[in-house]
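What follows is the residue order along each chain.
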Amino acid sequence: PKCLGNVLAKHFCGWNPHLNKQYIQCRHGRIDVLHLEGCGITSLPDSIGDLTALTTLKLSDNGLTSLPASIGNMRSLRHLILSYNFLSSLPPEIG
């Protein structure tokens, strides 16, 4: 299966493979590592929770003010990096 990581990165920040702050790793056609640092992201879609194979999500240095509750569906997530955003709280769904 083909990984849809490049499509996702293009959606969020105009994917530039030469920027080392944007990185996607796929295994068996599923995204398991996603780095979207410094992309000017101000919100995440509820569908982010559909990335259930994701183990690492780096969203540092964006403009996030909140996270969708669906992020709690990401049961494989082990590393969530959110530094340098504008978050005042996290959803209770994050265990």
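Calculation rules
Residues numbered from 1 in each chain as written. Predicted model: local features only at pLDDT ≥ 70, side-chain atom pairs only at ≥ 80, totals over all residues. Heavy atoms only, no water. Helix = DSSP H or I, 4+ residues; strand = E, 2+ residues; numbered from the N terminus. Buried < 20%, exposed > 50% of the residue type's maximum accessible area, 1.4 Å probe, protein only. Areas by Shrake-Rupley, 256 points an atom, 1.4 Å probe, with all protein chains shown as cover. Pairing = 2+ DSSP bridges. Core = buried A, V, L, I, M, F, W, Y, C linked by side-chain atoms within 4.5 Å. Contact = heavy atoms within 4.5 Å. pLDDT = per-residue confidence, 0-100.

Some thoughts on the overall build of the protein chain
Part 1 of the reasoning: Of the regular secondary structure elements, the protein chain holds one helix and four strands.
Part 2 of the reasoning: For the protein chain, the α and β elements follow one another from N to C terminus as α-β-β-β-β.
Part 3 of the reasoning: Split into buried and exposed, the 95 residues of the protein chain put 42% on the buried side.
Part 4 of the reasoning: When the accessible surface of the protein chain is totalled, it reaches about 5800 Å², and 52% of it is carbon and sulfur.

Things to note about unusual backbone geometry
Most peptide bonds take the trans form, and the phi angle of most residues other than glycine is negative.
Part 1 of the reasoning: In this model, D61 sits at a positive phi of 60°, which is unusual for a non-glycine residue.
Part 2 of the reasoning: Here D61 shows up in the loop between β3 (56-58) and β4 (79-81).
Part 3 of the reasoning: When its relative accessible area of 41% is taken as the criterion, D61 is described as partly exposed.
Part 4 of the reasoning: Not every positive phi belongs to a glycine, and Y84 is a case in point at roughly 60°.
Part 5 of the reasoning: Within the secondary structure layout, Y84 lies in the segment after β4.
Part 6 of the reasoning: With a relative accessible area of 69%, Y84 lands in the exposed category.

Remarks on the pairing of strand β2 (residues 30-36)
Part 1 of the reasoning: Within β2, six of the seven residues are buried, leaving the element largely enclosed by the surrounding structure.
Part 2 of the reasoning: Note: β2 against β3, three bridges, orientation parallel. Bridge pairing in β3 links H35 to K58.

Considerations on the nonpolar core
Part 1 of the reasoning: The biggest cluster of nonpolar side chains holds 17 residues, and the ones touching the most others in it are L57, L59 and M74.
Part 2 of the reasoning: The element best represented in this core is β2, accounting for three residues.
Part 3 of the reasoning: Aside from chain neighbours lying at most four places away, what touches L57 is L34, I71, M74, L77, H79, L80 and I81.

Structural notes on the confidence of the model for the protein chain
Part 1 of the reasoning: Across the protein chain, the average pLDDT comes to 78, with 68% of residues at or above 70.
Part 2 of the reasoning: Mean pLDDT across the elements of the protein chain bottoms out in helix α1 (residues 5-13) (52) and peaks in β4 (95).
Part 3 of the reasoning: Across residues 14-21, confidence stays below pLDDT 50; counting only partners more than four residues off in sequence or on other chains, it has 12 contacts.

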